Amino acid sequence: MSDRLSVFKTYKLYVGGKFPRSESGRVYEVTDAKGKWLANAPQSSRKDARDAVVAARKAFGAWSGATAYNRGQILYRIAEMLEGRREQYVREVAEAEGLSKSKAAAQVDAAIDRWVWYAGWTDKIAQVVGGGNPVAGPFFNLSSPEPTGVVVVLAPQESSFLGLVSVLAPVIATGNTAIVIASEKSPLPALSLGEVLATSDLPGGVVNILSGRTAEIAAPLASHQDVNAIDLAGADEVLAKELEIAAADNLKRVLRPQPVDDAGWWATPGTDRMTAFLETKTVWHPTGSLGASGSSY
């Protein structure tokens with residue numbers, strides 16, 4: 001018989017590259033699928049939400065200005081770190097979603113692969129959605145994608161890890177910074193993800209993770225004047241409508257909840273979630289003339 005005391009993990013928020021407790025000091029109980037207590041998770045306040053916006057805005061300039069190749073390296077590093085902590089995530093996902101170990105392992109493997117998939121897209125998406133435009137005149141006309149800015153992401157409620165990665169990775173892959181509201185019922189995999197992000201070369205503030213009551217945290221973020229876009233993946237129909245109305249005040253981009261088909265979050269994601277939070281910049285430049293003939297290049 002071991003006489004060691006159990007060492008319970010204290011879960012914290014992840015804001016600005018640091019691990020603060022909730023400003024209010026509140027926590028709430030997180031249980032498994034059978035109602036067994038797992039941990040106390042921090043219950044974020046409006047102040048925590050505002051702090052996350054400040055951190056995300058501060059990080060936006062450097063992250064959006066980094067090369068696409070560098071962002072891809074960092075996303076791939078996240079996958080490497082997750083691979084090293086695979087067993088921890090298998091356990092947390094199994095407990096959170098009431099899955100067998102084998103099914104939880106499949107979800108974790110799919111989530112790691114998804115980080116790798118988006119890492120490969122960072123320096124390719126511009127070639128897909130940008131390019132030269134034909135115009136009637138002696139001009140170059142070039143369109144190129146740019147990140148929208150600070151994006152709030154409501155993580156899916158039922159898919160605590162694979163769904164979370166599927167909505168977060170495309171946001172940061174294209175140069176945006178993110179504020180994630182973790183699944184209210186199963187926040188622990190998301191909170192543990194912060195520990196990986198903190199040690200994976202991702203600059204502080206690029207991703208900020210909050211846990212608590214989804215509606216309570218999302219309301220001030222949807223109306224926040226320094227938030228540029230919001231993904232409502234984890235909102236029900238009623239909450240999504242309320243948040244969309246609040247987001248209209250400063251013309252935020254809004255991605256409404258999308259129906260999840262039989263394949264769920266397992267399906268190949270495509271580029272839709274990357275392009276949803278990109279702006280298109282178009283530049284005109286005169287070509288000039290060559291020689292007396294007036295031909296241009």
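Nothing here was measured: the structure is a model prediction, and the numbers come from that model. (Residues numbered from 1 in each chain as written. Predicted model: local features only at pLDDT ≥ 70, side-chain atom pairs only at ≥ 80, totals over all residues. Heavy atoms only, no water.)

## Examining the sheet that holds strand 4 (residues 139–147)
- The strand order across the open sheet built from three strands is 3-4-10, with neighbouring strands paired in antiparallel fashion. Looking at strand neighbours, the two that pair on one side only are strand 3 (131–132) and strand 10 (278–286), the edges of this open sheet.
- Relative to strand 10, strand 4 runs antiparallel, the two being bridged by nine bridges. By the bridge assignment, S143 is partnered in strand 10 with T282. (Pairing = 2+ DSSP bridges. Helix = DSSP H or I, 4+ residues; strand = E, 2+ residues; numbered from the N terminus.)

## Describing the nonpolar core
- With 62 residues, the main nonpolar core has L82, W115, I172, L193, V207 and I209 as its most contacted residues.
- The residues contacting I172, other than those within four sequence positions of it, are W63, R71, L75, W115, A178, L202, V206 and V207.
- V150, L154, I179 and I217 belong to the second largest nonpolar core, which has 25 residues in total. (Core = buried A, V, L, I, M, F, W, Y, C linked by side-chain atoms within 4.5 Å. Buried < 20%, exposed > 50% of the residue type's maximum accessible area, 1.4 Å probe, protein only. Contact = heavy atoms within 4.5 Å.)

## Some remarks on the layout of surface pockets
- As a volume, the largest pocket reaches approximately 370 Å³.
- Residue lining of the largest pocket: 15 residues in total, with Q258, P259, W265, P269 and R273 positioned closest to the centre.
- Elements represented by at least two residues in the lining of the largest pocket include exactly helix 4 (101–121) and helix 10 (272–275).
- Across the lining of the largest pocket, the residue classes break down as seven nonpolar, four polar and four charged.
- Approximately 260 Å³ is the volume attributed to the second largest pocket.
- Lining of the second largest pocket is provided by V7, F8, K9, Y11, W37, L38, A39, Q88, R91, E92, E95 and L188.
- At the level of secondary structure, the elements contributing two or more residues to the lining of the second largest pocket comprise strand 2 (37–42) and helix 3 (86–97).
- Looking at which element gives the most residues to the lining of the second largest pocket, the answer is helix 3, with four residues.
- For the lining of the second largest pocket, a count of residues per class yields seven nonpolar, one polar and four charged. (1 Å grid on protein atoms, 1.4 Å probe; cavity = no way out; pocket = protein on both sides within 12 Å on 5 of 7 lines; lining within 4 Å. Points joined across faces, edges and corners; volume = space filled by probe spheres on them. Nonpolar A, V, L, I, M, F, W, Y, C, P; charged D, E, K, R; others polar.)

## Observations regarding the packing of helix 3 against helix 4
- Here helix 3 crosses helix 4 at 120 degrees, and the two axes come no closer than 8 Å. The element helix 3 and its partner helix 4 pack so that their crossing is right-handed. Contacts between helix 3 and helix 4 pair R86, E87, Y89, V90, V93, A94 and E97 from the former with K101, A104, A105, Q107, V108 and D109 from the latter.
- Grouping the constituent residues of the contact of helix 3 with helix 4 by class yields seven nonpolar, one polar and five charged. (Axes fitted to C-alpha atoms, helices over the stretch in contact; angles between N-to-C directions. Left-handed = near helix turned anticlockwise from the far one by under 90°.)

## Some words on helix 6 (residues 162–173)
- Under the 1.5 Å per step criterion, the end-to-end length of helix 6 is 16 Å for 12 residues, consistent within 8% with the ideal 16 Å.
- Within the span of helix 6, buried status applies to L162, G163, L164, V165, S166, V167, L168, A169, P170, V171, I172 and A173. (Expected span 1.5 Å × (residues − 1).)

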